[in-house]
Amino acid sequence: MLDLGTIDRTVDRPPYRQIADILRRHIERGRLAPGEQLPSEAAMIDHYGVARMTVREAIKELRTEGLVVAQHGKGVFVRSAPPVRRLASDRFARRHRQEGKSAFLAEAEAAGHVPGVDQIRVTNEPASAEVAERLGLKPRERVIVRSRRYLADGRPVEVATSYIPESIAKGTAIAEVNTGPGGIYARIEEAGHELARFTEEVSARMPTPDERKTLEIGSGSPVLTLVRTAFDTKGRAVEVCDTVKVATSFVLEYDVPAK
């Protein structure tokens, strides 16, 4: 039986943090195994003699750290699969597209997750000043905008918005909800733009209220932002993708040659 320990009310550390510390140690030492359910709220309230909100704050802290996941109507469980490992030097490999897989699908499957995508929205809009500059377009030149949410085992982990010049995307599956096997990049190459390289800018911040709602995360959970620009073999920018990722759900890996 799991030893829930005790909390010390004479110290400055809040009870909810002490409870989180106890559960965290059990997870790190394997006493709570991947996929195993944590004690119920009622059990912890009774054991520690605290309010329900105190227990929920402890669980929230562990969720923010990516150690546990909550399943509606079932309880809270130790996360059973590792974060999605995003290997930049491999994720855009042509072989993935030839196998009919998008980059996220290949990465999620490699990490043992069941990938998914929803909330797909496709529009035709004038490019913002920033997007136009990145794509080398004239101000307000039109782009196909594709926004979508990515899921791992049904859990939201990322939202992404791609901007593709209308001159490339119009009349192709890029302008449709379903882009077909291999995703956007397969269709861009079919349109005559063989991809040559990508640039990425990565930063971290706290999420906006809309992002918290879409990604189903708490206000204390940070996100990673990644802006990627894809270039073809002639040096033309053919796509800009603005991505917001749940920080605890990803490991970003880069293989950089020492030239």
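Quantities reported herein were computed from a predicted structural model and do not represent experimental measurements.

About the criteria used
- Starting afresh in each chain, residues are numbered from 1 along the sequence in its written order.
- It should be noted that, the model being predicted, local features are given only for residues of pLDDT at least 70 and side-chain atom pairs only at 80 or more, the latter also being counted only at that level, while totals for whole chains, interfaces and linings use all residues.
- With hydrogens and water excluded, all non-hydrogen atoms of the structure serve as input to the side-chain values.
- For every element, the axis is a line fit to its C-alpha atoms; helices are fit only across the contacting stretch, and the angle between N-to-C directions ranges from 0 to 180 degrees.
- Helix and strand definitions follow DSSP, with helices as H or I runs of at least four residues and strands as E runs of at least two, each counted in order from the N terminus.
- Crossing handedness follows the turn of the near helix against the far one: under a right angle anticlockwise gives a left-handed crossing, and clockwise gives a right-handed one.
- Contacts: residue pairs with any heavy atoms within 4.5 Å of one another.
- All residues other than Ala, Val, Leu, Ile, Met, Phe, Trp, Tyr, Cys, Pro, Asp, Glu, Lys and Arg, Gly among them, are scored as polar; the first ten of these are nonpolar and the last four charged.
- The pairing criterion for strands is at least two bridges between them, as found by DSSP.
- For this classification, under 35 degrees means roughly parallel, over 145 means roughly antiparallel, 65 to 115 means roughly perpendicular, and everything else is oblique.
- Here's how the labels work: a residue is buried when its accessible area is under 20% of the maximum for its type, exposed when over 50%, partly exposed in between, all with a 1.4 Å probe on protein chains only.
- Polar contacts, as counted here, are pairs of nitrogen or oxygen atoms within 3.5 Å of one another; within protein the pair requires one atom able to donate a hydrogen and one able to accept it, and residues that are adjacent in sequence qualify only if both atoms are side-chain atoms.
- In plain words, nonpolar cores are sets of buried Ala, Val, Leu, Ile, Met, Phe, Trp, Tyr and Cys residues tied together by side-chain atoms within 4.5 Å.
- The length a helix should cover is 1.5 Å for every residue beyond the first.
- For every domain, the bounds stem from an assignment made automatically or drawn from a database.
- Buried area: the accessible area, evaluated with a 1.4 Å probe, that two parts lose upon being put together, summed over both parts.

Draft legend 1. Summary view of the packing of helix α2 (residues 41-48) against helix α3 (residues 52-64). Two elements in contact, α2 and α3, have axes whose closest approach is 9 Å; the angle formed by their N-to-C orientations is 115 degrees. Here α2 and α3 pass one another in a crossing that is right-handed. Note on element contacts: α3 touches α2 through Arg52, Val55, Arg56 and Ile59, opposite Glu41, Met44 and Ile45. Residue composition of the contact of α2 with α3, grouped by class: four nonpolar, no polar and three charged.

Draft legend 2. View of the sheet that holds strand β7 (residues 195-205). Judged by pairing direction, the sheet is antiparallel, and its six strands sit side by side in the order β4-β5-β6-β9-β8-β7 without closing on themselves. Unpaired on one side and paired on the other, β4 (115-126) and β7 mark the two borders of the sheet. The sheet shows a mean angle of 15 degrees between the axes of neighbouring strands, taken without regard to direction. As judged from the ten bridges shared by β7 and strand β8 (residues 223-232), these two strands associate in the antiparallel manner. Of the residues in β8, the one forming a bridge with arginine 197 is phenylalanine 231. Contacting β4, β5 (142-152) and β6 (155-165), helix α6 (residues 103-110) runs over the sheet at an angle of about 160 degrees to β4.

Draft legend 3. Just the packing of helix α1 (residues 15-28) against α3, in detail. Running from amino to carboxyl end, α1 crosses α3 at an angle of 50 degrees, the nearest separation of the two axes being 8 Å. Between α1 and α3, the angle is such that the two are oblique. Crossing of α1 against α3: the hand is right-handed. Residues Pro15, Tyr16, Arg17, Ile19, Ala20, Leu23 and Arg24 of α1 lie in contact with α3, whose contacting residues are Thr54, Glu57, Ala58, Ile59, Glu61 and Leu62.

Draft legend 4. Main features of α6. Every buried residue of α6 is accounted for by Ala103, Phe104, Ala106, Glu107 and Ala108. Glycine 112 occupies a position one or two residues after α6 and carries a positive phi of about 90 degrees.

Draft legend 5. Summary view of the environment of arginine 149. Relative to the helices and strands, arginine 149 resides in strand β5. Judged by relative accessible area, arginine 149 falls into the buried class, the value being 9%. Residues arginine 149 and glutamate 194 lie 45 residues apart in sequence; the distance between their C-alpha atoms is 26 Å. With residues near it in sequence (within four places) discarded, arginine 149 still touches Gly116, Val117, Asp118, Gln119, Pro156, Glu158, Val159, Thr214 and Glu216. Within the structure, arginine 149 has its side chain in polar contact with the backbone oxygen of threonine 214 (distance 2.8 Å).

Draft legend 6. The arrangement of the nonpolar core in detail. Counting 20 residues, the largest nonpolar core has Ile19, Leu23, Leu38, Met44, Tyr48 and Ile59 as its most contacted members. When residues of this core are traced back to their parent elements, those giving at least two are α1, α2, α3 and β2 (75-78). Top element by residues in this core is α1. It accounts for five residues. Sequence-distant contacts of tyrosine 48, defined by excluding residues within four places in its chain, comprise Leu4, Gly5, Thr6, Ile7, Arg9, Ile19 and Ile22. Counting twelve residues, the second largest nonpolar core, distinct from the first, contains Ala127, Ala132, Leu137 and Val143.

Draft legend 7. Fine view of α1. With 14 residues, α1 extends 20 Å from end C-alpha to end C-alpha; this agrees with the ideal 20 Å at 1.5 Å per step. The set of residues buried in α1 consists of Gln18, Ile19, Ala20, Asp21, Ile22, Leu23, Arg24, His26 and Ile27. Considering only its buried residues, α1 is in contact with α2, α3, β1 (68-71) and β2. Within two residues after α1, glycine 30 carries a phi angle of roughly 85 degrees, on the positive side.

Draft legend 8. Structural context of the domain arrangement of the protein. Segmentation of the protein into domains returns domain 1 (15-78) and domain 2 (84-253). Taking only C-alpha atoms into account, the centre of domain 1 sits 34 Å from that of domain 2. Opposite the six residues of domain 1 that make contact, domain 2 presents seven residues. With both sides pooled, the region where domain 1 packs onto domain 2 buries about 390 Å², and carbon together with sulfur makes up 53% of that total.

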